[in-house]
Amino acid sequence: MLDFVYYPVSAILWLWHYVFGAALGPASALAWVLSVVFLVLTLRAVLFLPFLRQARTQAMVKKVQSKVDGLKKKYANDRTQQAKEIQKLYKDNGINTFATLIPMIGQVLIFIGLFHVLRSFDRTAAVGHLPFQAIATPMTPEANAMTPNYVFGTADVQSFLQAKIFGAPLSATLFGAGELLATVAAIAVPLMVIAAVATHFTGRASFARQETPAQLALMRPLTLWIFPAGAMIGGAVLPVAILLYFVTNNAWTLAQQHFVYRRLDTEAAAETQRVAAARAATAPKPGAKPVRRK
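Residues numbered from 1 in each chain as written. Predicted model: local features only at pLDDT ≥ 70, side-chain atom pairs only at ≥ 80, totals over all residues. Heavy atoms only, no water.

(A) Here's a closer look at the packing of aromatic side chains. Under the defined criterion, the tally for this structure stands at 16 aromatic pairs. Between Trp32 and Phe152, the aromatic rings sit 5.7 Å apart at their centres with planes inclined by 45°, giving tilted as the arrangement. Here Phe152 lies in the loop between α7 (141-145) and α8 (154-162) and Trp32 lies in helix α2 (residues 29-46), a separation of 120 residues in the sequence. Both residues of the pair, Trp32 and Phe152, belong to the buried class. Arranged with centres 5.8 Å apart and planes meeting at 35°, the rings of Phe111 and Tyr245 form a pair that is tilted. With Phe111 in helix α6 (residues 102-119) and Tyr245 in helix α11 (residues 240-282), this pair connects stretches of sequence that are 134 residues apart. On the accessibility criterion, Phe111 (24% relative accessible area) is partly exposed. By relative accessible area, Tyr245 is classed as buried at 3%. The rings of Trp32, Phe121, Phe152 and Phe160 are connected pair by pair, giving a single aromatic cluster. (Phe/Tyr/Trp six-rings, centres within 6.5 Å; stacked < 30°, edge-to-face > 60°. Helix = DSSP H or I, 4+ residues; strand = E, 2+ residues; numbered from the N terminus. Buried < 20%, exposed > 50% of the residue type's maximum accessible area, 1.4 Å probe, protein only.)

(B) View of the packing of α2 against helix α3 (residues 48-63). Packing of α2 against α3 brings their axes to within 4 Å, and their N-to-C directions diverge by 50°. Considering the angle they form, α2 stands oblique to α3. Facing Arg44, Ala45 and Val46 of α2, the residues of α3 in contact are Phe48, Leu49 and Pro50. (Axes fitted to C-alpha atoms, helices over the stretch in contact; angles between N-to-C directions. Parallel < 35°, antiparallel > 145°, perpendicular 65-115°, else oblique. Contact = heavy atoms within 4.5 Å.)

(C) Inspection of the environment of Phe38 at higher detail. Inspection of the secondary structure puts Phe38 in helix α2. Not counting the four nearest positions on each side in its chain, Phe38 is found in contact with Trp16 and Phe20.

Right under this line is the structure:
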């Protein structure tokens, strides 16, 4: 169904594992960790320009918000005309509201693809590869080790299953760690906490840049508190490798927000200075008589 996502994600992961495996050894856990990290960096780099367009659009929406409020009051009794006028205002100011959805859609598809590919390395548990899939028939460990995973061959599958970070298998989950609970918890719990904290501050930085409409007011507590709590609770059933993805992704988002918002603030300040200079250049000098136009 989503093979158009699974194959590219697995191919990029395979490429980075090939690079780091050549330097550190194919069975090296560090090679797999770096592969996941650089997969995230690669895909987020691809989404950088859409994110920049999203940030510019949000800034422009905030700039024209007073005009939007005026149109809502003017056409309070005619919702159809109100929507047309607001769309016209957005169009006149070069605002494409759909552009704000592209980074979100991209990140969701990337997460689903990475989650599916990493879960598919270990198909011995009686669960589907995705949360919404029906329960699947589990494989025996022997059959699983001899089954390719998209672009990964059987040797890659076996290498991933054997990879451990400080004794915790990358394919292990806190919920199903069994005898390795203490070892997996020592790795998983800090990653879960970091992911939750980063999710909170990412949302806080985003909301600080925009005005939240009344109809979206619920998104603030969801983003600031419910989603981070979900990262903590949901992290218990996610493989260690997925938790590494969350931490890397959130760290990138925080750094990207800081860079992009600082750039936008610099551009806004420069534009304000330019407008002020233009007005000063056309304004009459102190003491000069006004020029009467014929």
